[in-house]
Amino acid sequence: MADPSSYRPRPGEIPDSPGVYRFRDEHRRVIYVGKAKSLRQRLANYFQDLAGLHPRTRTMVTTAASVEWTVVSTEVEALQLEYSWIKEYDPRFNVKYRDDKSYPYLAVTMNEEFPRVQVMRGHKKKGVRYFGPYAHAWAIRDTVDLLLRVFPVRTCSAGVFKNAARTGRPCLLGYIGKCSAPCVGRISPEDHWELADEFCDFMAGRTGTYLRRLEQQMVEAAEEMEYERAARLRDDIEALKKAMEKNAVVLADATDADLIAVAEDELEAAVQIFHVRGGRVRGQRGWVTDKVEDVTTGALVEHALQQLYGEESGDAVPKEVLVPALPEPVEPVQEWLTGRRGANVSLRIPQRGDKKALMETVQRNAQQALVLHKTKRASDLTTRSRALEEIAEALDLDSAPLRIECYDISHLQGDDVVASMVVFEDGLQRKNEYRRFQIKGFAGQDDVRSMHEVITRRFRRYLAEKERTGEWTDGDGADSALGDGEGAPAGTGAIDSGAIDTGRGDAGAIGTGGTVTGAVETGGVDDGVREEGITHALKEEDGRPKKFAYPPQLVVVDGGQPQVAAARRALDELGIDDIAVCGLAKRLEEVWVPGEDDPVILPRTSEGLYLLQRVRDEAHRFAITYQRVKRSKRFRSSPLDDVPGLGETRKQALIKHFGSVKKLRSATIEQIQQVPGIGRKTAETIAVALAQAAPAAPAVNTATGEIIEDEEPETTAGSSGEPVTAGVPDERRGQET
């Protein structure tokens, strides 16, 4: 535990200006990011008597080993830079809202020639219009099914669309009138795009126009005695009204607003958001966070606004945001929201009427979400703690293994040998620290030798990181441990990035996404070496999580006694004796430890065994996935891949022109030159490369045994009855490990 006075800045060193500050620990990892209207006043609060600090703040300042800051021009720039750094560094002591699920959106791919309506999750893509989020995917599908009567927009995948275009027959939706069938030319690309645009307008809340238009058409059809058409329009109107009823009217004035409510206790806080568009609730979502710092409700609201709108722009930011408490100060946040939208945004607390009543509903949802989360977490935390304690007891460890790394080897009959490393911390997955390895030391199938290589490479990198950060003590033998080609990066001198001044004047403006455009003055204090004239910090010192910087307390290998012995031998050769090793054998779920002739048997009902199985299975899944990707890439390889200077666009142009590599191989240089973008020199290079490459075996239909001359011989498929290149193994010919 560090003494804050050891890295406290000297009097007068901190500027009295707006800015953003970062606390780093002894490993140079950023552990906290904050902003301030006055850096001098804010940072002074952290270096008062420890007894007067909030317990979580006291933990943070005693964990830190240095502090640095960046001066900016305005509080809005500080808000943008704070959000950017929190997203980049993921500091452990900052408020981070975690979502227990990925919320589905109704998405319309307006960036495609024939826009598609579908359910999407995850990161938003440019050119796609999103509506939601929804609590359940089935709610989206029910709504879309009703609207397709009126807006028959394409909903099929790219594969189904291409297959229908090739066969000239639409899918079932095309036959029953719920798709306009652009795949077979029943509608032009322009008309289909207009149809998708009308669908988006209806989903955005502009419903009255379409209802009035359909009602007018229904009346006209009835007057002209076209009763079947009038009945169809009547059904369309009912379908639209039914879809609208799924989103009840909550605000009579057709307001576009987001309502944010917070429920909190001393340890945690839950946030609920209702998205209201056109006076109707169009979506709902929620987050939960640990209160790792002493924060007010206004500060929690500010963090929620950053997470909610940090990547949004335009209409995705509503005209009005209603909150239970305003951030302090509110003006920079409101100005930031206005900048994201490109128009004025009102940030306020509802005082009366329908909006206050709806805010109370959102507040009840937040309170219920917090109660549910605490109930689930109490059970889950107890289970994980018991599992770690059981593992420590079974393996005779000094303490519970808070960080576990598991390794697995995967190959297909000795080809494409790869390995995986997965990480669990406190019994939970840390997917951002997963790593993949290609076996480089030898060719063929040898799981024991592969395990030795992977463990050696991983912990050689760990030793290199220790040496670079100066954690070696005299006599550690780092030079011998780093050995062959996996050594530390060049340049291991310590640099105090907090003492750097760019020397280019005042702080510049901050652009989109929090990027600083122009110079910023940085400053700070730590126990590193000060150097004059340095204009940038080493990349390795930027506070981002390192790939192999943190050692585990336990290494688990997928296998039995031979694999465990190989892993232990690799660690011994590197001089590492403070990391425990065990292996989990698949057949009987036995736990093997180094140097023991008999395995450790954990009860089948043991939480510790269940955790080890989860870790092992995750490593196996991650390795299998990587191995399949490599195998698939190898199967899709083409002789054109080896032609220097030939990119993907020109390769596709060649295949499109000639139809297959076989026909391209028999073409003359003059014929190759006829392809747009191919000159004589490139054509000669292609001809030489194809002449040197041995032609692959002909493609064979596995159902009939027929040789398919016209198929591309370098292409394979994995399903029965489709062409598979002769002599190439697939999943039906070997066992994947």
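Residues numbered from 1 in each chain as written. Predicted model: local features only at pLDDT ≥ 70, side-chain atom pairs only at ≥ 80, totals over all residues. Heavy atoms only, no water.

## Things to note about the state of the cysteines
A covalent bond between the sulfur atoms of two cysteines is what we call a disulfide. As enumerated under the stated definition, the model contains 0 disulfides in all. In this structure cysteine 171 is a free cysteine whose sulfur lies 5.3 Å from that of cysteine 179, the closest cysteine sulfur available. (Disulfide = S-S within 2.5 Å.)

## Topic: the pattern of salt bridges
Evaluated as defined, the whole model comprises 27 salt bridges. One salt bridge connects arginine 348 with glutamate 320, and the closest N-O pair in it is separated by 2.6 Å. Highlighted residues: arginine 348 in strand β11 (residues 346–348) and glutamate 320 in strand β10 (residues 320–322), separated in sequence by 28 residues. The exposure class assigned to arginine 348 is partly exposed, which follows from its relative accessible area of 29%. Classification of glutamate 320 as buried rests on a relative accessible area of 11%. A salt bridge links glutamate 433 to arginine 403; its shortest N-O distance comes to 2.6 Å. Of this pair, glutamate 433 sits in the loop between β14 (428–429) and β15 (435–438) while arginine 403 sits in strand β12 (residues 403–412), and the two are 30 residues apart along the sequence. Just as glutamate 433 is buried, arginine 403 falls in that class too. A cluster of three or more residues bridged by salt bridges with shared partners is formed by Arg403, Glu405, Glu425, Arg430, Glu433 and Arg458. (Salt bridge = Lys/Arg side-chain N within 4 Å of Asp/Glu carboxyl O. Helix = DSSP H or I, 4+ residues; strand = E, 2+ residues; numbered from the N terminus. Buried < 20%, exposed > 50% of the residue type's maximum accessible area, 1.4 Å probe, protein only.)

## So, the pairing of strand β7 (residues 257–264)
Of all the 8 residues making up β7, 7 are buried; the element is thus mostly covered by neighbouring parts of the structure. Direction of pairing for β7 relative to strand β8 (residues 268–277): antiparallel, over a ladder of 8 bridges. Considered in β8, the bridge of valine 262 is made with valine 271. Connecting the antiparallel pair β7 and β8 is a turn made up of 3 residues. Both β7 and β10 contribute to a ladder of 3 bridges, which runs parallel. Paired with leucine 259 across the two strands is leucine 322, which belongs to β10. (Pairing = 2+ DSSP bridges.)

## Side note on a nonpolar patch on the surface
On the surface, Leu172, Tyr175 and Ile176 cluster together into a nonpolar patch covering about 370 Å² of accessible area. Of note, tyrosine 175 is situated in helix α6 (residues 172–175). (Patch = residues over 30% accessible without salt bridge, like charges linked within 9 Å, V, L, I, M, F, W, Y side chains within 5 Å. Areas by Shrake-Rupley, 256 points an atom, 1.4 Å probe, with all protein chains shown as cover.)

## Here we look at the packing of aromatic side chains
Within this structure, the stated rule accounts for 13 aromatic pairs. Relative to tyrosine 462, the ring of phenylalanine 459 has its centre 6.4 Å away and its plane inclined at 90 degrees; by these criteria the two rings are edge-to-face. One end of the pair, phenylalanine 459, and the other, tyrosine 462, are both in helix α13 (residues 447–468), 3 residues apart, so they sit about a helical turn from each other. For the pair phenylalanine 459 and tyrosine 462, one class covers both residues: buried. Aromatic rings pair up to connect Tyr7, Tyr21, Phe23, Tyr32, Tyr46 and Phe47 into one cluster. When the ring centre of phenylalanine 161 is taken as reference, the NZ or CZ atom of arginine 154 above it lies at 4.8 Å. If you follow arginine 186 out to its NZ or CZ, it ends over the ring of tyrosine 175, 5.9 Å from the centre. (Phe/Tyr/Trp six-rings, centres within 6.5 Å; stacked < 30°, edge-to-face > 60°. Lys NZ or Arg CZ within 6 Å of the ring centre and 35° of its normal.)

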